[in-house]
Amino acid sequence: MKVLVLHSHPVEESFGGALHRQTVESLKRAGHEVDDCNLYAEGFDPVLSRHDRLIYHDYPDNTETLKPYVERLERTEALVIVTPVWNFGFPAILKGYFDRVWLPGVSFELVNGKVRSKLQHIRKLGAVLTYGADPFRAFIAGNPPKKIVKRVLRAQIKPFAPVVFLAHYDMNRSTEGSRSQFLTKVGREMERF
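Sequence positions are assigned chain by chain, starting from 1 and proceeding in written order. Reporting of local features is limited, given that this is a predicted model, to residues whose pLDDT is at least 70; pairs of side-chain atoms are given and counted only at 80 or more, and all residues count toward the totals for whole chains, interfaces and linings. Note that the side-chain values use all heavy atoms of the structure and ignore hydrogens as well as water.

Taking an unreviewed UniProt entry as the reference, the protein is identified by name as Putative NADPH-quinone reductase (Modulator of drug activity B) belonging to Rhizobium multihospitium. UniProt positions are given in the numbering used here, feature names are shortened, and annotations may be inferred rather than shown by experiment. The UniProt entry for the protein carries this comment under Sequence similarities (unreviewed entry): "Belongs to the NAD(P)H dehydrogenase (quinone) family."

Structure, rendered in structure tokens:
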């Protein structure tokens, strides 16, 4: 399966970087063809400019400056997001990716006033996230990243596609042991992906 891995952590030596490497290695070990999209390393520009917003609905003109990213999304059969959660949301670079690449004509189209997904070729979705908050604080805050993965993104791909959601909560008080356990879990789950 062709798997697009979206990674958004600015520090390669971080635990987020280790999770990214583990995810990519395990998916490859399982025989998947991995398109490793490291947004920081690629210098992705997350800013939706005035011009971008003015042509937002004008497909295919809205894709002109993003063709390589659009083509990668259109080729993939599965998507795995590897990212930290900051302030109960995705880092700006990842949010900007969704704002700029998941465009009308690319991720959806309007048919008779109704939204229809154009990403039904994506048959599987995964997320590997780290939270500074513990599970209870994330729950009280509504856990927006989990809802985005399990509800919003899932609704935009193939209906009833399986979702693998892996989260290491309470990173502010994590230990070498908890991080090691989570890395092992990520490796195991991505080899089964």
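Peer 1: Quick question: what am I supposed to make of the side chain of serine 174 here?
Peer 2: Segments assigned H or I by DSSP are reported as helices when at least four residues long, segments assigned E as strands when at least two residues long, and all are numbered from the N terminus. In this structure, serine 174 sits in the loop between strand 7 (163-168) and helix 7 (176-192). Burial classes: relative accessible area under 20% of the type maximum marks a residue as buried, over 50% as exposed, and values in between as partly exposed (1.4 Å probe, protein chains only). Relative accessible area serves as the criterion here: at 18%, serine 174 is assigned to the buried category. The contact rule is simple, with two residues in contact once any of their heavy atoms fall within 4.5 Å. Setting aside residues up to four positions removed in sequence, serine 174 forms contacts with His168 and Arg179.

Peer 1: What should I look at first to understand the sheet that holds strand 6 (residues 124-131) in this one?
Peer 2: Hydrogen bonds along the backbone pair up the strands of a sheet, which may run parallel or antiparallel. The rule for pairing is simple: two strands pair if DSSP sees at least two bridges between them. Read across the sheet, five strands follow the order 2-1-3-6-7 without closing on themselves; strand pairing throughout is parallel. Looking at which strands have only one partner, the edges of the open sheet turn out to be strand 2 (33-38) and strand 7. Put simply, the sheet's adjacent strands are angled 15° from each other on average, direction ignored. Two strands pair when backbone bridges link them, and strand 1 (residues 2-7) and strand 3 (residues 78-85) are joined in this way by five bridges, in the parallel orientation. Across the sheet, residue valine 3 finds its bridge partner in strand 3, namely alanine 78. Its contacts with the sheet place helix 1 (residues 15-29) against strand 1, strand 2, strand 3, strand 6 and strand 7, and it is angled at close to 175° to strand 1. Comment: axis = line fitted to C-alpha atoms, over the contacting stretch for helices; angle = value between 0 and 180 degrees taken between N-to-C directions.

Peer 1: How do you make sense of the UniProt feature "domain: Flavodoxin-like fold" (unreviewed entry) in the protein when you look at a structure like this?
Peer 2: According to UniProt, the positions carrying the feature "domain: Flavodoxin-like fold" (unreviewed entry) are residues 1-136. A distance of 35 Å separates the end C-alpha atoms of residues 1-136, which is 30% helix and 26% strand.

Peer 1: What should I look at first to understand the nonpolar core in this one?
Peer 2: A general trend in soluble globular proteins is that nonpolar side chains are found buried together. As used in this record, nonpolar core signifies buried Ala, Val, Leu, Ile, Met, Phe, Trp, Tyr and Cys residues forming a set joined through side-chain atoms within 4.5 Å. Grouped together as the largest cluster of nonpolar side chains are 35 residues, with contacts concentrated most on Leu6, Leu73, Tyr97, Phe98, Val101 and Trp102. Mapped onto this core, the elements with two or more residues apiece are strand 1, helix 3 (67-75), strand 3, helix 4 (92-101), strand 6 and helix 6 (144-156). The residues touching tryptophan 102, leaving out its near neighbours within four places in the chain, are Tyr56, Leu73, Leu79, Tyr97, Ser107, Phe108, Leu119, Leu153 and Gln156. Among the nonpolar cores identified, the runner-up in size contains 18 residues, and Val3, Val5, Leu27 and Ala78 belong to it.

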